[in-house]
Each structure stands twice: as C-alpha cells, then as structure tokens.
Amino acid sequence: MNLESFQNRVLPVKNKLFRFALRFLGNEDEAKDIVQEVFVRVWNGREKMNEIQNWEAWCMRITKNLSLDRIRSITRRHTNPIEDGYAVTNDSMTPFESTEMRESMKRINQLIAALPDKQRQVIHLRDVEGYSYNEICDIMELDMNQVKVNLFRARNSVRDKMIKINAYGL
Amino acid sequence: MPMDSKRLQQLLARYWSGDTTLEEEAELREHFQAGDFPDELKETAALFRYFNEGKKKSLSDISFEPAVIEKIHKPNKQGRLVALLYNASKIAAGLLVVIVATWFIRNEIRKSTPQEIVDTYDDPKLAFEETKKALMMISKSFGTAQAQAKKINMFNEAQEEIQRKSKDSL
C-alpha cells in the first residue's frame, strides 16, 4: 500500500475510529491521540493489509486494543460521559420539544455511558455505526453469542432505565 | 414512506429482542428522525435520534491528517536511529559481559596459581643456577632420548643386513 491509497482508503475511517475510541476514553484529545496511533500502526503493518479481509474491522480492533491499553495506563475507568448532549435541530419541533428532546438525549447518553464496557461498545458498533454481527465479532474478538447477548442486555438495560425514569420522573 | 403504527410496534418488539436486521434498524432510525411518533414513544425516539446524532460526531481537527502523514514519515528515521542505538547497545552489553568475565577468570587463575611459578627470581645468581639446572634437565633428557634412538638404529642395521643377504642369495 502506498501513501496515496493510505490517504484515500484508510484515513477516511478516522471518524469511526474516533467515535469508537471516544466510547472507551470519554475524552476527545485522548481519543484523537489513539486514532493517530492506530494510523501509525496500520501504516507500519501495511504489508499485512492485503491478507486481511476486512481492514476496517482490523482498524477498529486496533482502536479497541489501544484504547484499553490507554485506560489501563491511566488507571481510571470510563466515567465521564462523552458530552452533555447533542444539539437537536428539527424544523417540526417547537422550542419546548427541542429542549425536551435534548434533555432526553442527555439522559440516554448518561445511561449508555454507565453500561458495562462490552455492552457499551457493542451497542455503539451496532446502533451507531451499523456494523453487522460478524463485523462486531471481528472487532470485539467475541463469538456471535456473546455479541448478541451483550447487545440484548445493553438495549434492554437502556430501555428499563428509560421506563423507570419516565415512571418516577427521576 | 411513513411507517404504520402496527409495523412500528412489530419492528420495535423485534429490536428490543435483538432480532432486527441492519436494514430494519436503519428504518427505525429514519422513522424517528422524521419526527412522526406517538407521545408514549418519546423516549424511544430520543434513543434512535441519539444513535443518529452519534454517527455525526466527527474528528473535526483539520490538522489531524497532516499530523498523521508527518508522523508516519518521521518514525522511519527515528525508528532507524532507535534500532541502531538498540543494536549498538546489545553489542556493547555483550562485550562488557566478556570483559568482566575475563577479568574475573584472570583474577581467579592468579589466586589459584602458586606465586613462585609465576615469579622470576630476583637474585641473578640464583636465576642462573635455576636456568642451568633446567637446561641440564633438558640435556639429560636429550641424552636418554639419543640412547633410545640408537636402539632403533639397530633395527635399521639389521634390516639392511637382511636385504643385502637376500640380494646375495639371488
């Protein structure tokens, strides 16, 4: 692989890698640092890329491993939510509805951030990034059953907590 | 195309049990993004919107890619230098071990060898006597060897005699 195909094929996945690293680390600067490190590794191992069937999943796997190493090295767990919420702009919503939606999303962000690590990563890979189960197996180095169980638990945990919040108005 | 409420309920039920396909999940995200949902699904809508918004999160730093390109070029030089230093240090460590080992062995040999064998005699007269004694010993050995060699000579003489006689008889 030459520099040109590296720039055209590999670098564009930076946002996916960044979002994934952000799920682990919860800090944009650290996530950016990880993505940079991933690209350096991919470049150094570029001869291997022809043998790898799904190089995007391979990049994601390196991101996961480097993020986990980083978490271990800084000896702190993911505690900070990624961000306060998203700016929701939708013409069909009134300002009140927009605020309400933003609040809901902020809560969901916190619920997902509080999930166990594997569940949080699997739900991110499936529901945000839209990866297939096989790709998630590849990235997470888990078998199909573990992926499905983690996804099921993650979705239901978020759902149960949303129901509780609604029921008690917490 | 808007989804009817029956299909929405069915898809959601399948989603919570982890049975939806990627296409169906995309359909759900699209549906909730459009803002057409009943009030009781407000939180669910927020969840799907959260996923949608999550995918928009990007590494916005424009200096990121140039920094990566610079980094993947730099480590080569740095890597070579590091490798050179690393190899040199390996050789230096090997040499150090040999030198230290030689020094220790030499010390041990010096300790175990009696000093008088190593030392020369300080007194020139005594040294002369000792040299004479040693040369005499060698000379005596030579003398003995010569006497032994004479015996071997007898065999030669006998052999010549036999050869001569056998010639005469012919």
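Everything below is about the structure printed above this text.
Just so we're clear, the structure is a prediction, and the values are computed from it rather than from any experiment.

About the thresholds
Residues numbered from 1 in each chain as written. Chains lettered and ligands numbered in written order. Predicted model: local features only at pLDDT ≥ 70, side-chain atom pairs only at ≥ 80, totals over all residues. Heavy atoms only, no water. Helix = DSSP H or I, 4+ residues; strand = E, 2+ residues; numbered from the N terminus. Buried < 20%, exposed > 50% of the residue type's maximum accessible area, 1.4 Å probe, protein only. Contact = heavy atoms within 4.5 Å. Areas by Shrake-Rupley, 256 points an atom, 1.4 Å probe, with all protein chains shown as cover. Buried area = accessible area lost by both parts, 1.4 Å probe. Salt bridge = Lys/Arg side-chain N within 4 Å of Asp/Glu carboxyl O. Polar contact = N/O pair within 3.5 Å; in protein donor to acceptor, adjacent residues only side chain to side chain. Phe/Tyr/Trp six-rings, centres within 6.5 Å; stacked < 30°, edge-to-face > 60°. Patch = residues over 30% accessible without salt bridge, like charges linked within 9 Å, V, L, I, M, F, W, Y side chains within 5 Å.

1. Some remarks on the overall build of chain A
Move 1: Within chain A, the secondary structure is distributed over eight helices and zero strands.
Move 2: Element order for chain A, N to C, with α for helix and β for strand: α-α-α-α-α-α-α-α.
Move 3: In chain A, buried positions account for 49% of the 170 residues.
Move 4: For chain A, restricting intrachain contacts to residue pairs at least 6 apart in sequence, the fraction spanning at least 24 positions comes to 68%.
Move 5: In the structure as shown, chain A presents an accessible area of about 8400 Å², 46% of it carried by carbon and sulfur atoms.

2. Notes on the interface of chain A and chain B
Move 1: Listed as interface residues are 49 residues of chain A and, on the opposing side, 37 residues of chain B.
Move 2: Taking both partners together, chain A and chain B bury about 4000 Å²; carbon and sulfur atoms supply 61% of that area.
Move 3: At the surface where chain A touches chain B, the tally comes to six salt bridges.
Move 4: Residue Glu25(B) pairs with Arg155(A) through a salt bridge whose shortest N-O separation is 3.1 Å.
Move 5: In this assembly, chain A and chain B are joined by 19 residue pairs in polar contact (both at pLDDT 80 or more).

3. What about the pattern of salt bridges?
Move 1: Under the criterion given, the structure shown has 21 salt bridges over all chains.
Move 2: In this structure, the salt-bridge partner of Glu37(A) is Arg41(A), at a minimum N-O distance of 3.5 Å. Remark: Arg41(A) and Glu37(A) occur in helix H3 (residues 28–44); sequence separation between them is four residues, near one turn of the helix.
Move 3: A relative accessible area of 28% means that Glu37(A) is categorised as partly exposed.
Move 4: For Arg41(A), a relative accessible area of 44% puts it in the partly exposed group.
Move 5: The partner of Asp117(A) in a salt bridge is Arg120(A), and the shortest N-O contact between them spans 3.2 Å. Highlighted residues: Asp117(A) and Arg120(A), both in helix H6 (residues 117–128), separated by three residues, approximately one helical turn.
Move 6: Relative accessible area serves as the criterion here: at 31%, Asp117(A) is assigned to the partly exposed category.
Move 7: Put simply, Arg126(A), Asp127(A), Arg155(A) and Glu25(B) are held in one network by salt bridges that share partners.

4. Here's the deal with the packing of aromatic side chains
Move 1: Tallied over the full model, the rule gives 10 aromatic pairs over all chains.
Move 2: Where Phe20(A) meets Phe24(A), the ring centres are 5.0 Å apart and the plane angle is 75°; that geometry is what we call edge-to-face. Of the two residues, Phe20(A) and Phe24(A) are both situated in helix H2 (residues 14–25); the distance of four residues between them amounts to about one turn of the helix.
Move 3: Among the residues examined, Phe20(A) registers a relative accessible area of 0% and is labelled buried.
Move 4: Relative to Phe48(B), the ring of Tyr15(B) has its centre 4.9 Å away and its plane inclined at 55°; by these criteria the two rings are tilted. Here Phe48(B) lies in helix H3 (residues 42–54) and Tyr15(B) lies in helix H1 (residues 5–16), a separation of 33 residues in the sequence.
Move 5: The exposure class of Tyr15(B) is buried, given its relative accessible area of 0%.
Move 6: The rings of Tyr15(B), Trp16(B), Phe32(B), Phe48(B), Tyr50(B) and Phe51(B) are connected pair by pair, giving a single aromatic cluster.

5. Some remarks on a nonpolar patch on the surface
Residue and element names in this part refer to chain B.
Move 1: A contiguous nonpolar patch, built from Leu-96, Val-100, Trp-103 and Phe-104 and spanning about 430 Å² of accessible area, is present on the exposed surface.
Move 2: By secondary structure assignment, the location of Val-100 is in helix H4 (residues 64–112).
Move 3: Overall, Val-100 belongs to the partly exposed group, its relative accessible area being 38%.

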